Structures are given as C-alpha cells and as structure tokens.
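So the chains spell out like this:
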Amino acid sequence: MDSDKKYFLILFLLIFWGCSTQKDNVNDDAFGKFELEKIGEKAFYLDSTLAPFNQSILTFEQDGVTKLSIFNHFNVSVNVFDYSSGKIEKQIGFLKDGPEGIGTITNMGHFIQNSDSIFFFNHWQSRVHLMNAKGEKLRSYDVGIGEDSEEQSKQGFHMMVSPLSQAFKNGDRLFISVQNAGANPFDDQRLIYMIELNLRTGEREYHSLPQPLMLNNFWGVYTPFASSLAFNPNTQQLSLSYTKNPEIDIVSVIDLDSIQESKSVKSEYMREMKPLPKRRDTPTLYGYSFNELSDLTNMQGFYMNFIYDPYKDVYYRVALHERTVEQYEKGRRSFKLSITVTNSNFEKMDELDLAEGMYEYETAFVSKEGLHLSRQIDYQPDEDLLVFDVFNSKK
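About the criteria used
- Every chain is numbered independently, its residues counted from 1 as its sequence is written.
- Side-chain atom pairs in this predicted model are given and counted only at pLDDT of 80 or more, local residue features only at pLDDT of at least 70, and totals for whole chains, interfaces and linings cover all residues.
- Side-chain calculation: all heavy atoms of the structure are included, whereas hydrogens and water are not.
- In this analysis, strands are considered paired if DSSP registers two or more bridges between them.
- Segments assigned H or I by DSSP are reported as helices when at least four residues long, segments assigned E as strands when at least two residues long, and all are numbered from the N terminus.
- Relative accessible area decides the class of each residue, using a 1.4 Å probe on protein chains only: under 20% of the type maximum gives buried, over 50% gives exposed, and in between gives partly exposed.
- Two residues qualify as a contact provided that any one of their heavy atoms is within 4.5 Å of a heavy atom in the partner residue.
- What pLDDT expresses is the predictor's confidence in each residue, scored from 0 to 100.
- His is not counted here, nor are the chain ends, while Lys and Arg score as positive and Asp and Glu score as negative.
- What makes a salt bridge here is a side-chain nitrogen of Lys or Arg within 4 Å of a carboxyl oxygen of Asp or Glu, nothing more.
- Polar contact is the term for a pair of N or O atoms within 3.5 Å; when the atoms are in protein, one must be able to donate a hydrogen and the other to accept it, and sequence-neighboring residues count only if both atoms are side-chain atoms.
- To get an axis, fit a line to the C-alpha atoms, keeping to the stretch in contact for a helix; angles then go from 0 to 180 degrees between the N-to-C directions.
- The rule is short: rings of Phe, Tyr and Trp, with Trp giving its six-membered ring, pair when the centres are within 6.5 Å, and they are stacked under 30 degrees, edge-to-face over 60, tilted in between.
- Two thresholds decide whether a charge sits over a ring: the Lys NZ or Arg CZ must be within 6 Å of the ring centre and within 35 degrees of the ring normal.
- In this text, buried Ala, Val, Leu, Ile, Met, Phe, Trp, Tyr and Cys residues form a nonpolar core when linked through side-chain atoms within 4.5 Å.

S.K.: I'd like a rundown of the pairing of strand 6 (residues 109-114), residues and numbers included.
M.R.: Bridging between strand 6 and strand 7 (residues 117-122) involves five bridges; their strand directions are antiparallel. Paired with Gly 109 across the bridge in strand 7 is Phe 121. What sits between the antiparallel neighbours strand 6 and strand 7 is a turn of two residues.

S.K.: Any details on helix 4 (residues 290-299)? Residues and values, ideally.
M.R.: Helical geometry note: an α-helix holds 3.6 residues per turn, so side chains three or four residues apart project in the same direction. The set of residues buried in helix 4 consists of Leu 293, Ser 294, Thr 297 and Met 299. Summarising the contacts, the buried residues of helix 4 are in contact with strand 20 (302-309) and helix 5 (325-329).

S.K.: Describe the confidence of the model for the protein chain, with residues and values.
M.R.: Confidence along the protein chain averages 84 in pLDDT terms, with 86% of residues attaining 70 or more. Here residues 5-31 is a poorly scored stretch, pLDDT under 50, and it has three contacts once near neighbours within four places are set aside; other chains count.

S.K.: Before we move on, could you go through the side chain of Asp 249 and cite the residues and values that matter?
M.R.: In this structure, Asp 249 sits in strand 18 (residues 247-252). One buried charged residue, Asp 249, remains without a salt bridge, the closest side chain of opposite sign being Arg 317 at 8.8 Å. A distance of 2.9 Å separates polar atoms of two side chains, one belonging to Asp 249 and the other to Gln 211. A distance of 2.7 Å separates polar atoms of two side chains, one belonging to Asp 249 and the other to Ser 262. When sequence neighbours within four positions are dropped, the list of residues in contact with Asp 249 reads Gln 211, Leu 238, Ser 239, Leu 240, Ile 259, Glu 261 and Ser 262.

S.K.: Explain the sheet that holds strand 2 (residues 57-62) residue by residue, including any values.
M.R.: With respect to topology, four strands assemble into an open sheet ordered 2-3-4-5, the strand pairing being antiparallel. A single partner strand is all that each edge strand has here, and the edge strands are strand 2 and strand 5 (88-93). Taking each pair of neighbouring strands and ignoring which way they run, the sheet shows an average axis angle of 25 degrees. With five bridges joining them, strand 4 (residues 77-82) and strand 5 adopt antiparallel strand pairing. Note on strand 5: the bridge partner recorded for Asn 79 is Gln 91.

S.K.: Before we move on, can you summarise the packing of aromatic side chains with the specific residues and values?
M.R.: A full pass over the atoms with the stated rule returns 16 aromatic pairs. Pairing Phe 44 with Tyr 83 gives two aromatic rings, centres 5.9 Å apart and planes at 65 degrees, and the pair type is edge-to-face. Taken as a pair, Phe 44 in strand 1 (residues 36-45) and Tyr 83 in the loop between strand 4 and strand 5 lie far apart in primary sequence, 39 residues in all. Among the aromatic residues, those joined into a ring-pair cluster are Phe 44, Phe 81, Tyr 83, Phe 365 and Phe 388. Over the face of the ring belonging to Tyr 303 we find Arg 317, whose NZ or CZ atom lies 3.8 Å from the ring centre.

S.K.: Tell me what's going on with the nonpolar core, and back it up with residues and numbers.
M.R.: Formed by 24 residues in total, the largest nonpolar core has its most connected members in Leu 36, Tyr 316, Ile 339, Leu 354 and Tyr 361. When contributions to this core are tallied by element, the ones reaching two or more residues are strand 20, strand 21 (314-320), strand 22 (337-342), strand 24 (359-367) and strand 25 (370-375). Listed in part, the 22 residues of the second largest apolar core include Leu 215, Phe 225, Leu 238 and Leu 256.

S.K.: An account of the pairing of strand 22 is needed here, citing residue identities and associated values.
M.R.: Across the six residues of strand 22, six count as buried, placing the element largely inside the fold. Taking every second residue as pointing to the same face, both faces of strand 22 are buried, with Leu 337, Ile 339 and Val 341 on one and Ser 338, Thr 340 and Thr 342 on the other. Pairing of strand 21 with strand 22 involves six bridges; the strand directions are antiparallel. Within strand 22, the residue paired with Ala 319 across the bridge is Ser 338. Summarising the sheet, strand 22 and strand 23 (residues 348-353) pair through five bridges and their orientation is antiparallel. Paired with Thr 342 across the bridge in strand 23 is Lys 348. Between strand 22 and strand 23, which pair antiparallel one after the other, the connecting turn spans five residues, and Phe 346 there sits at a positive phi close to 65 degrees.

S.K.: Account for the sheet that holds strand 26 (residues 385-393), with residues named and values stated.
M.R.: Spatial strand order, 1-26-25-24: four strands in an open sheet with antiparallel pairing. Both outer strands of the open sheet, strand 1 and strand 24, are each paired with one neighbouring strand and no more. The average undirected angle you get between the axes of adjacent strands in this sheet is 30 degrees.

S.K.: Help me get a handle on the environment of Lys 90, residues and values and all.
M.R.: Relative to the assigned elements, Lys 90 resides in strand 5. By relative accessible area, which is 36% here, Lys 90 ends up partly exposed. Considering only alpha carbons, one finds Lys 90 and Ser 115, 25 residues apart in sequence, at a separation of 9.0 Å. At 3.3 Å, the side chain of Lys 90 forms a polar contact with the side chain of Ser 115.

Here it is, written out as structure tokens:
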C-alpha cells in the first residue's frame with residue numbers, strides 16, 4: 001500500500017511539473033523574446049530640392065500600400081514616396097503666402113492620412129490648415145489661446161509637430177501633442193501637453209498634466225522640456241515622455257487631464273539626471289548667459305523620441321547620451337543613442353546601444369518592417385539618397 005502511495009505521489013508530481021513547464025512554455029511563446037537589432041536598410045530617392053534630413057516625416061497606408069510622406073521646407077511641398085520602390089510618386093505643392101497659403105513654414109509639421117487629407121501645423125500663427133491633393137485649403141482652425149502669438153507663447157507650448165511631437169486622429173478629434181518650453185501657466189504645476197481639436201466644430205481644448213519634476217527644478221534652456229507623445233489605439237491610451245523624466249505618464253483618452261499611472265522606462269546607459277544649480281533667482285536664465293547655458297544644457301543626456309509600433313505592439317524610447325566637452329565640440333558626430341523597447345504594459349524587453357555619430361534621432365518612423373532611423377549625412381552614400389537603418393526583433 002505504501003509503495004502504491006509513493007508511486008501515485010511521484011506520478012502526481014511529475015504530471016504537475018509537466019503542466020507547469022508546459023504553461024511556462026506557452027507564456028514564453030505567447031510573449032516571445034524581443035531582441036532588437038539592425039535587420040537591413042531602406043533608401044529613398046530624393047530630388048534636388050529635398051534635404052537628406054527632415055523632422056516632419058511619417059508613414060500612412062493608402063489602398064493597402066505603405067507610403068512615406070515628407071514635408072519639403074525648401075519648396076513648400078509634400079513628397080509622397082512608395083515605400084517599396086523608394087521613389088517619389090507625387091509632389092503636392094502649396095502656397096506659402098496669401099489667403100490660400102499655409103504661412104511661415106519654419107518648424108512646421110504635417111499629418112497625413114491620405115493625399116486628400118493633409119494637415120499643416122503653423123506654430124507661429126497658431127493655426128491648423130487642412131489641405132487636399134491639389135494643394136487647396138479646405139479649412140483652417142484657430143488653436144491659439146490668446147489673441148496673438150505673444151499671448152500663446154506665455155502658455156509655454158510650441159506646436160512643432162515632428163517625430164518628437166506627434167499628431168493622432170481618433171474619429172472627428174485630432175490630438176496635437178506639443179513641445180513644452182517649461183512655462184507654468186497654472187498654480188498647481190501643470191504643463192500643457194496637448195491640444196484636442198474637434199475637426200467638425202472647430203472647438204479646441206487644452207490638456208495639461210502635473211509635472212513637478214520639471215517645474216521644481218532648473219534643467220536649462222528649451223530642449224529639456226520637449227515632450228513626445230505616443231498613442232495606442234488598442235488600449236486607447238496616450239503615453240507622455242519628457243526628456244528629463246525616466247518615467248512615462250500614461251493617460252486615458254476618456255480623461256485627458258489625469259495621469260492614470262507612471263511607469264519607469266529608464267535606459268541603462270543614462271546617468272542620473274541632475275538639474276543645474278541656480279546662480280540667481282531671476283527666472284529663465286537664472287544667472288547664466290544664454291550661450292553658456294545652451295552648451296551646458298545640450299551636453300546633458302535626454303530622452304527623445306517615444307514611438308508606438310502598432311505592428312509589433314511595442315514602444316521605442318530613444319535616448320541621447322550625455323557628452324563630454326570634447327565630444328560636444330565634435331557636434332552631431334558625437335551623438336550617442338540607445339533604444340529601449342517595452343511591451344504594451346511598459347515592461348522593458350530589450351535595449352540596443354547604437355554606434356556613435358551614426359544616426360539622426362529627429363528623422364525616424366515606424367512601418368511594418370520596423371523602426372527606421374536615418375543615418376547622418378556623413379553616412380549617407382549619396383546626396384540624392386535618404387538612407388535609414390531598419391531595426392526589428394531577431395525573432
């Protein structure tokens with residue numbers, strides 16, 4: 001009898017162990033192991049008017065085909081490329097001046113769903129323009145808080161839509177994330193991070209979140225307050241990344257003025273970020289000259305792009321590492337980047353350290369093939385080519 005009990009006990013333990021092992025393997029197979037690496041490159045053929053770097057660049061799907069769209073600041077046009085061939089399919093020209101014009105184009109971004117629905121974001125005029133494929137203006141929206149741009153600038157945000165500051169459309173609502181210069185228009189330490197524009201009625205709302213880390217410290221000039229916003233349509237969540245904050249703030253689209261939770265998405269290559277000491281209590285420069293402060297600020301490390309990949313259901317956070325004085329004097333050739341990958345629950349899956357001076361963090365996008373980072377000019381094989389290295393999981 002005792003031997004039978006021992007036999008069944010051993011059998012039970014073996015079955016239990018086998019089921020547990022099988023369950024673990026199912027979980028491993030379900031989530032997989034995400035190991036980021038360079039899997040290839042992608043080249044796009046430029047014309048003589050298009051620079052080999054650009055901040056306002058994005059992809060969209062049209063008739064089941066992936067397109068790449070670049071806003072050309074030199075001749076005020078949008079260039080639409082076929083992703084597969086890398087060749088320009090269409091160049092849509094726009095007027096800069098006059099009632100049908102889009103206005104001053106410096107730091108302007110664009111958002112496109114198809115070639116007949118193109119939004120331009122004019123920071124200087126606080127306006128959003130909806131254009132069609134003929135370059136005609138269909139409608140303009142006022143998104144300024146005050147009567148003029150000076151009043152808007154006091155609110156502390158800059159509508160410079162780019163891979164660092166993105167736009168998302170959800171039904172009749174266009175969400176325009178904004179870079180924030182650190183001004184504090186509210187008493188409870190809230191920063192405006194997004195404009196919500198109702199495309200049907202033209203009404204707009206300004207959404208803000210508490211950011212005591214940013215506002216209780218002195219981080220330097222403009223760049224440290226720049227934010228990047230990613231939208232996940234599956235979870236209906238927006239996730240906000242500030243350059244000096246190792247945490248990501250998660251916000252639901254049904255309550256855009258409250259942080260649901262914050263998750264650490266920290267790069268292992270980034271040192272602890274420390275604010276600059278204030279020499280005087282005078283706001284803005286706090287006792288520094290602008291040139292001195294600009295250099296001190298730009299030598300520090302930043303979290304830059306925060307991008308959602310709908311094809312892999314993961315997030316990428318690009319970090320620009322701290323530089324020494326010697327490295328900083330080398331300019332962009334000293335840029336050292338790393339990419340942190342998280343799953344949709346913001347749990348870290350991998351991090352890839354990139355070669356120094358190789359990539360432009362501002363010129364980036366995601367497609368089915370993976371995350372694309374543009375090479376710097378020194379690493380472009382031809383001035384008529386815009387070349388991206390493509391990163392994806394080994395699996």
